[in-house]
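The lines below spell out each chain.
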Amino acid sequence: MTTFPVREHVTKVFNELFEVVPALEKDKTQVIVMSGGQTPYRNDTDRELPFRQESNFYYLSGCDLPDAHLVLVSKRGGNLERLPLIKLLIPSQDPLLIMWSPAPPTVDEAKQLYSPGQISSVSTSPELPRVVQSTLETFPDAVIHILPPYPYSPFPEQPKDFAETYATRVTHAYLLTALHKARLIKTPEEISLIQTANGISSRAHEVVMRLLGKAVKGLIHREKGGNPPLPGEWLIQKEAEAEAVFVASCRREGAVHQAYLPIVAASTRAATLHYCCNDKEFSWGPISNGHAHSEDLAHDEKRNLLPQVLLIDAGAEFHNYASDITRTMPVGNGGKFTPEAKDIYSLVLKMQNDSIKALKPSLHWDAVQLLCHRILIQGFLSLAIFKGSEEDILASGVSAAFFPHGVGHSIGLDVHDVPSASKPIGAEGRPFQSEIAKQTNSKFYDYLRLRLPLEAGMVVTVEPGCYFSPHLLAPVRDSPFINNDVLARYEPVGGVRIEDVVAITADGCDVLTTVGKEVEWVEGVCSGSL
């Protein structure tokens, strides 16, 4: 990849920090001390778990090593404001550890690996006390900023006794706010990394669809002993098998981590928003001799696959930058949606397409949420699931039982990125309310993770959905706006969600997700005809 813009990121964070520190401290030297993540180990064993760098540390360093540290220095009104000091400390090479694990880079190697020309100095982690003490001697007016202390936050712990040693000069009140504000608006390099992650994940979604289509065409057969099947011969009849194909496709393209636990939900399980079990077979009907079968019986050549949807919400990371893509695809019925599933899929697709068309700087995200509810209500009226007037239904909030979550969120180094900046809290301890939200039903906004006007450089997901969850429908079944006879026809669909990642530009937006979503394309691929 191109050189990671460490200096630009550090400068952005200090600029935000200058804005949030108290007036009496604005002209003092600001020092940031951060620790990266440590290698995790499985409980009660010496076996390493996958290491993933803490997001804020990576943002300011571009360094993926465990047990690393940063010391950053800036001050308003001089060279340090334009060129802050960036001191990186990396783990030293321990001969005993090298016997078991690859050696970390040397100091000279690290200077070339991590943003060459941007890092002021590189030393080893045991030197952290000396580096901090030297910095404070050089800048005696310095205020030290750290992240909120462990264990009251998810951030890595500072070296032992650090806060106590410098207690009168250390604060954790401002750094996280500054980091989240800086990370909210992405640099072009960050958007490029998110785009790469989306390309990898888009192809993985398509791989799953194409394997389903090959099976429909009879080009994949159940293994019956002999040689194990190769990846292109894998038969997908379980949620876990679809997940395995997705993750394998991402991994072979260089994605080390998934950005979150994949959601792979077949049949009515698609109504569960964060279904992460991924352990059920697809739904099957009776075999030819008339004996009924449940969803989790062993494979049988005589079984009939019931028409259903398969919802996959999954996205890989690339260099720690996330993707987040959802596709809902038909399974059974020859790889085609049932009429009811197609109705709901087409409605959700309109919700998403119209939302994406509306995106531009200054548009408040609450307006996108409201737009989705209006389109859902109009669609349900057309399908006769709802009855009554659009405005009365909107005022009642009943559509929230079918679309309960937010239409999207900020995404970057974390899949639900920078929560404190995305959903700022007012003085009364509640999220700021837009005029749009004040004038409409509050149920629409309960689970929104983004409550801001859009700005160029933001990267967000657009993920409307429609669900038929018995749990959510129970309180509204007696609503005068619901035609329960019609609703009963649609409940077996379970749920549909369609999600893309979008970068906000100066005059609109760019969609970074590339996998198809139009009905004709999805059915064509899943039926094996494309």
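See the structure shown above.
Residues numbered from 1 in each chain as written. Predicted model: local features only at pLDDT ≥ 70, side-chain atom pairs only at ≥ 80, totals over all residues. Heavy atoms only, no water.

Asks: Give a detailed account of the overall build of the protein, specifying residues and quantitative values.
Replies: For the protein, the helix and strand inventory stands at 18 helices and 16 strands. For the protein, the proportion of contacts with a sequence separation of at least 24, taken over those separated by at least 6, is 73%. Positive and negative side-chain charges of the protein, numbering 49 and 63 respectively, have mean locations separated by a distance of 2 Å. (Helix = DSSP H or I, 4+ residues; strand = E, 2+ residues; numbered from the N terminus. Contact = heavy atoms within 4.5 Å. Lys, Arg positive; Asp, Glu negative; His and termini not counted. Charge placed at Lys NZ, Arg CZ, Asp CG, Glu CD.)

Asks: I'd like a rundown of the packing of aromatic side chains, residues and numbers included.
Replies: Aromatic rings considered in pairs are described by the distance between their centres and by the relative angle of their planes. Considering all chains together, one arrives at 10 aromatic pairs under this definition. Between Phe 380 and Phe 402, the aromatic rings sit 5.0 Å apart at their centres with planes inclined by 80°, giving edge-to-face as the arrangement. Within this pair, whereas Phe 380 is found in helix H12 (residues 365–383), its partner Phe 402 is found in the loop between helix H13 (390–396) and helix H14 (419–422), the two being separated by 22 residues in sequence. (Phe/Tyr/Trp six-rings, centres within 6.5 Å; stacked < 30°, edge-to-face > 60°.)

Asks: I'd like to hear about unusual backbone geometry, residue by residue, with values.
Replies: Working note: non-glycine residues mostly have negative phi, and peptide bonds are mostly trans. A positive phi is found at Ser 362, a non-glycine position, where the angle reads about 85°. Counting through the fold element by element, Ser 362 comes out in the loop between helix H11 (339–358) and H12. Among the residues examined, Ser 362 registers a relative accessible area of 60% and is labelled exposed. A positive phi angle, close to 35°, is found at Val 418, a residue other than glycine. Assignment of secondary structure puts Val 418 in the loop between H13 and H14. Residue classification places Val 418 among the buried residues on the basis of a relative accessible area of 1%. (Buried < 20%, exposed > 50% of the residue type's maximum accessible area, 1.4 Å probe, protein only.)

Asks: Quick rundown of the sheet that holds strand E12 (residues 459–462)? Include the residues and the values.
Replies: Read from one edge to the other, the open sheet built from 3 strands follows the order E12-E15-E16, with strand pairing classed as antiparallel. Both edges of this open sheet fall to E12 and strand E16 (509–511), since each of them pairs with a single strand only. Between one strand and the next, the sheet's axes are offset by a mean angle of 35°, whatever the strand orientation. Taken together, the 3 bridges between strand E15 (residues 500–504) and E16 define a ladder with antiparallel strand orientation. Its bridge partner being in E16, Val 502 is matched across the sheet by Val 511. (Pairing = 2+ DSSP bridges. Axes fitted to C-alpha atoms, helices over the stretch in contact; angles between N-to-C directions.)

Asks: I'd like a rundown of the packing of H11 against helix H18 (residues 519–526), residues and numbers included.
Replies: In the contact formed by H11 and H18, the axes pass within 11 Å of each other and the chain directions differ by 130°. Here H11 is positioned oblique relative to H18, judged by the angle of their axes. Residue-level inspection shows Lys 342, Tyr 345, Ser 346 and Leu 349 of H11 in contact with H18, the latter providing Val 519, Val 522 and Glu 523. (Parallel < 35°, antiparallel > 145°, perpendicular 65-115°, else oblique.)

Asks: How would you summarise the environment of Val 132 if you had to cite specific residues and measurements?
Replies: For Val 132, the location among the structural elements is in helix H6 (residues 128–138). On the accessibility criterion, Val 132 (3% relative accessible area) is buried. For the pair Val 132 and Ile 375, spaced 243 residues apart in the sequence, the C-alpha separation amounts to 57 Å. Val 132 has contacts with Val 33, Val 71, Phe 162 and Tyr 166, leaving out every residue within four places of it along the chain.

Asks: Now, about the side chain of Asn 278: what can you tell me, with residues and values included?
Replies: Relative to the helices and strands, Asn 278 is located in the loop between strand E7 (263–266) and strand E8 (308–314). A polar atom in the side chain of Asn 278 sits 3.3 Å from the side chain of Glu 243. Not counting residues up to four positions away in its chain, the partners in contact with Asn 278 are Glu 239, Ala 240, Glu 243, Pro 262, Ile 263 and Val 264. (Polar contact = N/O pair within 3.5 Å; in protein donor to acceptor, adjacent residues only side chain to side chain.)

Asks: Quick one: what's the story with the nonpolar core, residue by residue and with numbers?
Replies: Leu 310, Leu 359, Trp 365, Phe 380, Phe 386, Phe 402 and Phe 468 are the most contacted members of the largest nonpolar core, which totals 142 residues. Broken down by element, the residue count for this core peaks at 10 residues, all from helix H9 (residues 188–216). Excluding anything up to four places from it in sequence, Leu 359 contacts Trp 365, Val 368, Leu 454, Val 462, Val 502, Ile 504, Gly 508 and Cys 509. Listed in part, the 17 residues of the second largest apolar core include Leu 89, Phe 139, Tyr 166 and Val 170. (Core = buried A, V, L, I, M, F, W, Y, C linked by side-chain atoms within 4.5 Å.)

Asks: So what's going on with the side chain of Glu 54? Which residues, and what values?
Replies: Secondary-structure assignment places Glu 54 in the loop between strand E1 (30–35) and helix H2 (55–61). We note that Glu 54 is buried and unpaired, the nearest opposite charge coming from Arg 183 at a distance of 5.5 Å. Side chain to side chain, Glu 54 and Asn 56 meet in a polar contact 2.8 Å long. With residues near it in sequence (within four places) discarded, Glu 54 still touches Met 34, Gly 37, Leu 147, Phe 155 and Pro 156. (Salt bridge = Lys/Arg side-chain N within 4 Å of Asp/Glu carboxyl O.)

Asks: Break down the pattern of salt bridges for me, citing the residues and quoting the values.
Replies: For the structure on display, the rule yields 22 salt bridges. Its salt-bridge partner being Arg 76, residue Glu 19 comes within 3.2 Å of it at the nearest N-O pair. One end of the pair, Glu 19, is in helix H1 (residues 6–20); the other, Arg 76, is in the loop between strand E2 (69–74) and helix H3 (79–82), and 57 residues separate them in sequence. Residue classification places Arg 76 among the partly exposed positions, given a relative accessible area of 33%. Asp 354 is the partner of Lys 350 in a salt bridge, and the nearest nitrogen-oxygen pair spans 2.9 Å. Note that Lys 350 and Asp 354 are positioned in helix H11 at a spacing of 4 residues, about one turn of the helix. Using a relative accessible area of 22% as the deciding quantity, one classes Asp 354 as partly exposed.

Asks: Run through H11, naming residues and quoting values.
Replies: The end-to-end C-alpha distance of H11 is 29 Å, a good match for the 28 Å that 20 residues give at a rise of 1.5 Å each. For H11, the full list of buried residues reads Ala 341, Ile 344, Tyr 345, Leu 347, Val 348, Leu 349, Met 351, Gln 352, Ser 355 and Ile 356. (Expected span 1.5 Å × (residues − 1).)

Asks: Hey, could you go over the pairing of strand E11 (residues 325–331) for me, with residue numbers and the actual values?
Replies: The buried count for E11 comes to 7 of 7 residues, which makes it a mostly enclosed element. Taken together, the 7 bridges between E8 and E11 define a ladder with antiparallel strand orientation. Paired with Asp 313 across the strands is Thr 326, a residue of E11.

Asks: Run through the environment of Leu 83, naming residues and quoting values.
Replies: By the secondary structure assignment, Leu 83 is in the loop between H3 and strand E3 (85–90). When its relative accessible area of 37% is taken as the criterion, Leu 83 is described as partly exposed. In sequence terms Leu 83 and Gln 118 are 35 residues apart; their C-alpha atoms lie 9.1 Å from each other.

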